Amino acid sequence: MSAINSPSIPLMTYRFYFETHQPVRLPDYPGSAWRGAFGHALKKTVCVIRNTPCHQCLLKHACAYSYIFETPPPSNTEKMRKYNSTPHPFVFRFAEKPTTEEYSLDMNLFGHGQRFFPYIIHAMHMAGQDGIGGNRQPFRLNRIDAIDFQGQPITVYQEAELRNQSPLQSPSPPQMPEKINITFHSPVRIKQDNKNLGDNHFNFGALFGSLLRRISMICYFHTDTPLETDFAGLAAAARNIQFSTQNLHWYDWTRYSSRQQTEMQMGGVLGSVSLDMQGLGDFWPYLWLGQWTHVGKGTSMGMGAYTIDFTSLLDT
């Protein structure tokens with residue numbers, strides 16, 4: 001089995017820097033609060049047909065809010081025809097220990113989502129100004145940096161001015177290592193046989209299957225290059241692979257959905273797993289790219305974030 005082509009998603013990581021004059025009073029995983037405030041501000045900014053559900057709106061395929069936050073499948077789509085929405089073109093990512101002096105958060109923006117970046121800036125500014133979380137804590141947007149794949153920042157927005165930007169690029173995986181350690185920084189929520197996978201049943205087949213579907217959908221709906229690969233072969237092979245070590249635990253997390261006006265259970269696994277990479281070259285590009293796409297449910301609000309660490313490389 002060999003992949004037809006490696007996955008490629010042009011993207012950019014933007015780091016939003018906010019000022020707040022009080023200690024940060026947000027949940028450990030504040031993605032739900034930020035996502036809700038961002039969506040509300042974005043809709044208030046761009047919606048011209050009020051009191052009409054997005055799926056009934058004539059402008060749903062031309063609207064910044066609809067594309068970014070509702071993300072309906074195009075009328076001519078060959079995938080996800082029965083779904084009301086597709087993967088969003090962004091994910092939030094949060095520092096594990098925010099500072100009081102300068103609060104920052106990251107947004108990974110995929111493919112065609114880049115054309116709406118000015119709308120995103122304005123919506124994030126308004127979201128912070130209106131206040132985040134149950135306490136409506138205000139945050140003032142100071143600047144935005146574009147972060148390259150080596151972690152180097154370039155300021156692209158400051159003092160209400162949007163500066164020249166670099167073109168989007170897809171992360172290129174380094175030489176495949178002998179062994180990797182995957183650390184999950186926010187809850188990973190994956191279902192198998194209609195059940196959420198806990199720490200005792202978490203497995204590579206389910207993890208990779210979820211990641212493969214997500215990368216494929218992002219490529220299809222948000223880039224000009226749909227993924228062409230041996231989906232069935234990769235998924236079948238992944239089910240035969242086991243982690244070399246697992247150090248996971250279940251994290252219960254409850255969030256309030258203003259849309260459904262109810263509390264929702266969004267728990268998932270946290271911790272780390274190790275994987276011996278000998279003979280797993282077909283999986284390596286997907287695992288590497290997944291650090292930017294996240295994996296599982298709730299990715300747009302920051303869930304399913306992970307990083308890969310390694311020290312030794314396989315001989316070429």
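A few points on the structure.

Rules used in this analysis
Along each chain, the written sequence defines residue order, and numbers are assigned to residues from 1. Predicted model: local features are reported for residues with pLDDT of at least 70 only, side-chain atom pairs are reported and counted for 80 or more only, and whole-chain, interface and lining totals are derived from all residues. Water and hydrogen atoms were dropped before computing side-chain values, which therefore reflect all heavy atoms in the structure. Secondary structure elements follow DSSP: runs of H or I of four or more residues count as helices, runs of E of two or more count as strands, with numbering from the N terminus. Partly exposed residues are those whose accessible area sits between 20% and 50% of the maximum for their type, while under 20% is buried and over 50% is exposed, using a 1.4 Å probe and protein chains only. Whether two residues are in contact is decided by their heavy atoms: any pair within 4.5 Å suffices. The Shrake-Rupley method, run with a 1.4 Å probe, gives the accessible areas here. Residue values count only the displayed protein chains as cover. Two strands pair under a simple rule: DSSP has to find at least two bridges between them. For every element, the axis is a line fit to its C-alpha atoms; helices are fit only across the contacting stretch, and the angle between N-to-C directions ranges from 0 to 180 degrees. In a helix, the anticipated span is given by 1.5 Å times the number of residues less one. Each polar contact in these results corresponds to two N or O atoms within 3.5 Å; when the atoms are within protein, one needs to be able to donate a hydrogen and the other to accept it, and residues that are neighboring in sequence are counted only if both atoms are side-chain atoms. Angle categories are assigned with fixed cut-offs, so that under 35 degrees is roughly parallel, over 145 is roughly antiparallel, 65 to 115 is roughly perpendicular, and the rest are oblique. Each residue receives one of three labels: charged for Asp, Glu, Lys and Arg, nonpolar for Ala, Val, Leu, Ile, Met, Phe, Trp, Tyr, Cys and Pro, and polar for the others, Gly being one of them. Every case where a carboxyl oxygen of Asp or Glu lies within 4 Å of a side-chain nitrogen of Lys or Arg is listed as a salt bridge. To pair, rings of Phe, Tyr and Trp, with the six-membered ring standing in for Trp, must have centres within 6.5 Å; the planes then decide the type, stacked if under 30 degrees apart, edge-to-face if over 60, and tilted in the middle. A ring has a charge above it when a Lys NZ or an Arg CZ is no more than 6 Å from the ring centre and no more than 35 degrees off the ring normal. Only buried Ala, Val, Leu, Ile, Met, Phe, Trp, Tyr and Cys residues count toward a nonpolar core, and they belong to the same one when joined by side-chain atoms within 4.5 Å. The start and end points of each domain follow an automatic or database-based domain assignment.

As for the overall build of the protein
So, point 1. Assigned secondary structure in the protein consists of six helices and 14 strands.
So, point 2. By residue count, 51% of the 316 residues in the protein fall in the buried class.
So, point 3. For the protein, long-range pairs separated by at least 24 residues make up 71% of all intrachain contacts whose partners lie at least 6 apart in sequence.
So, point 4. Accessible surface computed for the protein: about 16,100 Å², of which carbon and sulfur atoms make up 46%.

Description of the sheet that holds strand β13 (residues 268-276)
So, point 1. Overall, antiparallel pairing links the four strands, which are arranged β10-β13-β7-β14 in an open sheet. The open sheet has two edge strands, β10 (245-251) and β14 (306-309), and neither has a second partner. Neighbour to neighbour, the strand axes of the sheet diverge by 10° on average, direction disregarded.
So, point 2. With seven bridges joining them, β10 and β13 adopt antiparallel strand pairing. Among the inter-strand pairings, Trp-250 is bridged to a residue of β13, identified as Val-269.
So, point 3. Of the strands in this sheet, β7 (179-188), β13 and β14 touch helix α6 (residues 284-293), which is tilted by about 130° from β14.

Quick notes on the sheet that holds strand β5 (residues 153-158)
So, point 1. Spatially, β2-β3-β1-β4-β5-β6 is the arrangement adopted by the six strands of the open sheet, whose pairing is antiparallel. Here the strands that pair on one side only, and so sit at the sheet edges, are β2 (90-94) and β6 (161-162).
So, point 2. Pairing geometry for β2 and strand β3 (residues 103-110), over five bridges, is antiparallel. Paired with Val-91 across the bridge in β3 is Asn-108.

Quick look at helix α4 (residues 204-222)
So, point 1. For α4, with 19 residues, the first-to-last C-alpha span of 26 Å sits near the 27 Å given by 1.5 Å per residue.
So, point 2. Buried residues dominate α4, accounting for 17 of its 19 residues.
So, point 3. Structurally, the start of α4 carries an N-cap: the backbone nitrogen of Gly-205 is 3.2 Å from a side-chain oxygen of Asn-203.

Examining the packing of α4 against helix α5 (residues 231-238)
So, point 1. Where α4 contacts α5, the axes come no closer than 8 Å and their chain directions differ by 155°. When the axes of α4 and α5 are compared, the pair comes out roughly antiparallel. Contacts from Phe-204, Gly-205, Phe-208, Leu-212 and Ser-216 of α4 reach α5 at Phe-231, Leu-234 and Ala-238.
So, point 2. Here the residues of the contact of α4 with α5 are counted per class, giving six nonpolar, two polar and no charged.

Here we look at the pattern of salt bridges
So, point 1. Throughout the structure, instances matching the rule amount to five salt bridges.
So, point 2. Salt-bridge contacts for Arg-140 lead to Glu-19; the nearest nitrogen and oxygen are separated by 4.0 Å. Of the two residues, Arg-140 is situated in strand β4 (residues 140-147) and Glu-19 in strand β1 (residues 11-19); the sequence distance between them amounts to 121 residues.
So, point 3. Notably, a salt bridge pairs Arg-143 with Glu-102, separated by 3.0 Å at the nearest N-O pair. Of this pair, Arg-143 sits in strand β4 while Glu-102 sits in the loop between β2 and β3, and the two are 41 residues apart along the sequence.
So, point 4. By relative accessible area, which is 30% here, Glu-102 ends up partly exposed.

Some remarks on the packing of aromatic side chains
So, point 1. Under the definition given, this model contains 29 aromatic pairs.
So, point 2. Ring centres 5.5 Å apart and planes at 80° place the aromatic pair Phe-149 and Trp-292 in the edge-to-face group. Of the two residues, Phe-149 is situated in the loop between β4 and β5 and Trp-292 in helix α6; the sequence distance between them amounts to 143 residues.
So, point 3. Under the relative-accessibility criterion, Trp-292 is labelled buried at 13%.
So, point 4. Ring geometry for Trp-284 against Phe-310: centres 6.0 Å apart, planes inclined by 80°, an arrangement best described as edge-to-face. Taken together, the residues Trp-284 in helix α6 and Phe-310 in the segment after β14 connect sequence positions 26 residues apart.
So, point 5. Take Phe-310: its relative accessible area is 28%, and that puts it in the partly exposed class.
So, point 6. Cation over ring: Arg-143 sits above Tyr-17, and NZ or CZ is 3.8 Å from the ring centre.

What about the nonpolar core?
So, point 1. Within the largest apolar cluster, 42 residues are counted, with the highest numbers of intra-cluster contacts made by Phe-184, Phe-202, Phe-204, Phe-208, Leu-275, Phe-283 and Leu-287.
So, point 2. Take this core: its biggest share by element is nine residues, from α4.
So, point 3. Residue assignment places this core across two domains, with domain 1 (11-162) and domain 2 (179-310) each supplying three or more.
So, point 4. If sequence neighbours within four positions are ignored, Phe-202 has contacts with Phe-184, Val-188, Ile-190, Leu-197, Leu-207, Phe-243, Gln-246, Leu-248 and Val-269.
So, point 5. If you look at the next biggest cluster of nonpolar residues, it comprises 39 residues, including Phe-16, Phe-90, Phe-92 and Phe-139.

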